[in-house]
Amino acid sequence: QVQLVESGGGLVQAGGSLRLSCAASTLTASSVIAGWFRQAPGKEREFVAAIRWRGGTTYYEDSVKGRFTISRDNTKNTVYLQMNSLKPEDTAVYYCAAALRFTFSSNSQNYDYWGQGTQVTVSS
């Protein structure tokens, strides 16, 4: 069982930055994809970014490319999402997730473990 705990959300003005962290209890499987999703009120949960735990290959949703950076620290079992140039439309609850699979997927149904979520609010 993998437990994920997010932190780092908050209120920021448009154009500002936030860094989200996701601490995992353990990620020892040979194939793990760690991802970030977000869900705004009244909308479906959507993929934001993901990283292959071994190798570090990254994947991004088009609207965040060039603004968000996903990274991981294997020694701390922690994945990060650095968010720059934030826009009001980035406002959502952000969830960390882990998929025990080799093939990348942006489908939330393919992720096995989820954190509780952290609120990010961007004011205009």
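Residues numbered from 1 in each chain as written. Predicted model: local features only at pLDDT ≥ 70, side-chain atom pairs only at ≥ 80, totals over all residues. Heavy atoms only, no water.

Along the chain, glycine 10 turns up in strand β2 (residues 10-13). Remark: the alpha-carbon pair of glycine 10 and alanine 24, spanning 14 residues in sequence, is separated by 21 Å. Setting aside chain neighbours within four positions, we find glycine 10 in contact with Leu18, Gln119, Val120 and Thr121. (Helix = DSSP H or I, 4+ residues; strand = E, 2+ residues; numbered from the N terminus. Contact = heavy atoms within 4.5 Å.)

Moving on, we get to the pattern of salt bridges. Applying the stated criterion to the full structure yields four salt bridges. Note that glutamate 46 and arginine 38 form a salt bridge whose closest N and O atoms lie 2.6 Å from each other. Residue arginine 38 is classed as buried on the basis of its relative accessible area of 5%. With a closest N to O distance of 2.9 Å, arginine 38 and aspartate 90 form a salt bridge. Of the two residues, arginine 38 sits in strand β4 (residues 33-39) while aspartate 90 sits in the loop between β8 (78-83) and β9 (92-99), which places them 52 residues apart along the sequence. (Salt bridge = Lys/Arg side-chain N within 4 Å of Asp/Glu carboxyl O. Buried < 20%, exposed > 50% of the residue type's maximum accessible area, 1.4 Å probe, protein only.)

What follows concerns unusual backbone geometry. Within the chain, asparagine 77 stands out as a residue other than glycine whose phi angle is a positive 50 degrees. Inspection of the secondary structure puts asparagine 77 in the loop between β7 (68-73) and β8. The exposure class of asparagine 77 is buried, given its relative accessible area of 18%.

Here we come to the state of the cysteines. Under the definition given, this model contains one disulfide. Across a sulfur-sulfur distance of 2.0 Å, cysteine 22 and cysteine 96 are joined as a disulfide pair. Disulfide cysteine 22-cysteine 96: torsion about the S-S bond near -80 degrees, hence left-handed. Taken together, the positions of cysteine 22 in strand β3 (residues 18-24) and cysteine 96 in strand β9 put the pair 74 residues apart, joining distant regions of the chain. For the pair formed by cysteine 22 and cysteine 96, the shared burial category is buried. (Disulfide = S-S within 2.5 Å.)

Attention now goes to the packing of aromatic side chains. Applying the stated criterion to the full structure yields seven aromatic pairs. Between phenylalanine 47 and phenylalanine 104, the aromatic rings sit 5.4 Å apart at their centres with planes inclined by 65 degrees, giving edge-to-face as the arrangement. Residue phenylalanine 47 is located in strand β5 (residues 46-52), and its partner phenylalanine 104 is located in the loop between β9 and β10 (113-114); the two are separated by 57 residues in the primary sequence. Overall, the relative accessible area of 10% leaves phenylalanine 47 in the buried class. Judged by relative accessible area, phenylalanine 104 falls into the partly exposed class, the value being 26%. Put simply, the rings of Phe37, Phe47, Tyr59, Tyr95, Phe104, Tyr111 and Trp114 touch in pairs and so form one group of aromatic residues. Here the basic side chain of arginine 19 rests over the ring of tyrosine 80, its NZ or CZ set 4.0 Å away from the ring centre. Sitting above the plane of the tryptophan 114 ring, arginine 45 keeps its charged end 4.8 Å from the centroid. (Phe/Tyr/Trp six-rings, centres within 6.5 Å; stacked < 30°, edge-to-face > 60°. Lys NZ or Arg CZ within 6 Å of the ring centre and 35° of its normal.)

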